[in-house]
Amino acid sequence: MTDELPELRASDADRERVAEQLRDALAEGRLDMEEFEERLEATYAARTYGELTPITRDLPGAASAPRVSMVKQPVDDGSWSSRIVGGEGSSSWAVAVLSGFERKGRWTMPKRFNSFAFMGGGEIDLREANFADREVVVNCVAVMGGLNVIVPPGVEVVVRGIGIMGGFDHREEGRPGDPGAPRVIVTGFAFWGGVGVERKLTRAERQRLKEERRQEKLERREARKELQGSRGGHLDDVFDALDEAHDLIRERHEERRERHEERRMRHEERRDRHRERREDRRRRHDDY
């Protein structure tokens, strides 16, 4: 950070760098959990460099924090090549012990991200992330907890985790990635826990597709008017009603599919817990 430009707006990457420094301080014992939570909340609430600077001023590394770059960066055009940015990543690990964590939004996925959940949960969302390399590893260790990895369409997924009375989700494997897209390897260990892998569109992408469908409907309407001329008024109303009904059915279908997917995930979690309890009772019976 810098004191010279206190009113300059901070980015998500700037906030994530400060959060990573706080996590290191917590791991080293420089902050207790209460101080860490207070400062982390202030970090994600900060809007300017002036608000971020005091949060880590009394921690090692504050003086060497990166200065504000006034050089205009290349515009992110949304292509995979623009999202593979190199570097070290804005966050490299996360821990949830009787709690939870999230990595989502605009952040940089490092070459290897380590995560641990004990009787807690975490979410690693890569839909809007940049990538430090074309091949990245998400290492997940879940002990009586759950971790969920969300990837965008077009990314190749490989799952190599080991589960003992737990499991890794392999449903997203086998789909070839887009040309130039990164490869995400999900590995680790699950004991009485689970690691899920989902492929989802971002909300912005869903909105974009909805807008495209609306534009296509308008174009079809204009094309019909040109073909039918002044006699097509009644038919236009009929076709418009059909288009609206079709869009409504498609939206309802997508909503039902998402709800079904959520119910299926909850059912699998309940089934896994039931199986774990059954195995535990069987082991206790065998011990006697």
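Everything discussed here concerns the structure shown above.
Remember, predicted model here, so these are calculated numbers, not experimental data.

Student: Looking at this structure, how should I read the environment of Tyr-44?
Tutor: Here Tyr-44 is to be found in helix α2 (residues 33-45). Other than its neighbours up to four places away in sequence, Tyr-44 contacts Arg-15, Glu-16, Ala-19 and Arg-23.

Student: Can you walk me through helix α1 (residues 12-27) in this structure?
Tutor: Note that an α-helix has 3.6 residues per turn; residues three or four places apart therefore point the same way. End to end, α1 covers 22 Å across 16 residues, agreeing with the expected 22 Å (1.5 Å per residue, within 8%). Buried within α1 we find Asp-14, Arg-15, Glu-16, Val-18, Ala-19, Glu-20, Gln-21, Leu-22, Arg-23 and Ala-25. Buried residues belonging to α1 abut α2, α3 (49-52), β1 (93-97) and β2 (100-103). Within two residues after α1, Gly-29 carries a phi angle of roughly 85°, on the positive side.

Student: How should I be thinking about unusual backbone geometry in this particular structure?
Tutor: Most of the time, phi is negative for any residue but glycine, and the peptide bond is trans. One non-glycine residue, Met-119, adopts positive backbone phi at about 50°. Looking at the element boundaries, Met-119 is found in the loop between β4 (112-118) and β5 (121-125). Phi angles above zero are rare outside glycine, and Met-165 is one such case at about 50°. Counting through the fold element by element, Met-165 comes out in the loop between β10 (162-164) and β11 (167-168).

Student: Explanation requested: the sheet that holds strand β8 (residues 146-151) in the structure shown.
Tutor: By definition, the strands of a sheet pair up through backbone hydrogen bonds, in either a parallel or an antiparallel sense. Pairing within the open sheet is parallel, and its 5 strands lie in the order β2-β5-β8-β13-β11. Whereas interior strands pair on both sides, the edge strands pair on one side only; in this sheet they are β2 and β11. Summarising the sheet, β11 and strand β13 (residues 194-199) pair through 2 bridges and their orientation is parallel. Within the sheet, the bridge partner assigned to Phe-168 lies in β13 and is Val-195.

Student: Would you explain the environment of Trp-93 in this entry?
Tutor: Position of Trp-93 relative to the elements: it lies in strand β1. The partly exposed category is assigned to Trp-93, whose relative accessible area is 24%. The contacts of Trp-93, once residues within four sequence positions are left out, are Glu-20, Arg-23, Asp-24, Ala-27, Arg-103, Phe-113 and Asn-114.

Student: Would you mind showing me how to read the pattern of salt bridges here?
Tutor: Side chains bearing opposite charge may pair, as long as their charged atoms lie close to each other. All told, the structure shown has 8 salt bridges when counted by the stated rule. Residue Glu-172 is joined to Arg-175 by a salt bridge in which the shortest nitrogen-to-oxygen separation is 3.5 Å. Judged by its relative accessible area of 10%, Glu-172 falls in the buried class. A salt bridge links Glu-198 to Lys-200; its shortest N-O distance comes to 3.8 Å.

Student: Just checking my understanding: could you explain the packing of α1 against α2 for this structure?
Tutor: Helix-helix packing is described using two parameters, namely the angle between the two axes and the distance between the axes. Here α1 crosses α2 at 175°, and the two axes come no closer than 10 Å. One element, α1, and the other, α2, form an angle in the roughly antiparallel class. Contacts between α1 and α2 involve Arg-15, Glu-16, Val-18, Ala-19, Leu-22, Arg-23 and Leu-26 from the former and Met-33, Phe-36, Arg-39, Leu-40, Thr-43 and Tyr-44 from the latter. For the contact of α1 with α2, the residue count by class is 8 nonpolar, 1 polar and 4 charged.

Student: Looking at this structure, how should I read the pairing of β1?
Tutor: In the case of a regular strand, side chains alternate between the two sheet surfaces. Because side chains alternate across β1, one face comprises the buried residues Ala-94 and Ala-96, and the other comprises Trp-93, Val-95 and Val-97, none of which is buried. Pairing of β1 with β4, which is carried by 5 bridges, proceeds in the parallel orientation. By the bridge assignment for β4, Trp-93 is matched with Asn-114.

Student: In this structure, what is going on with the packing of aromatic side chains? I would like to understand it.
Tutor: Any two aromatic rings considered together are summarised by their centre-to-centre distance and by the angle between their planes. Scanning the model with the defined rule gives 2 aromatic pairs in all. Taken together, a centroid distance of 5.7 Å and an interplanar angle of 70° make the contact between Trp-107 and Phe-113 edge-to-face. Plain terms: the ring middles of Phe-191 and Trp-192 are 5.7 Å apart, the flat faces sit at 5° to each other, and that makes the pair stacked. Given the relative accessible area of 22%, Trp-192 is considered partly exposed.

Analysis parameters
Residues numbered from 1 in each chain as written. Predicted model: local features only at pLDDT ≥ 70, side-chain atom pairs only at ≥ 80, totals over all residues. Heavy atoms only, no water. Helix = DSSP H or I, 4+ residues; strand = E, 2+ residues; numbered from the N terminus. Contact = heavy atoms within 4.5 Å. Expected span 1.5 Å × (residues − 1). Buried < 20%, exposed > 50% of the residue type's maximum accessible area, 1.4 Å probe, protein only. Pairing = 2+ DSSP bridges. Salt bridge = Lys/Arg side-chain N within 4 Å of Asp/Glu carboxyl O. Axes fitted to C-alpha atoms, helices over the stretch in contact; angles between N-to-C directions. Parallel < 35°, antiparallel > 145°, perpendicular 65-115°, else oblique. Nonpolar A, V, L, I, M, F, W, Y, C, P; charged D, E, K, R; others polar. Phe/Tyr/Trp six-rings, centres within 6.5 Å; stacked < 30°, edge-to-face > 60°.

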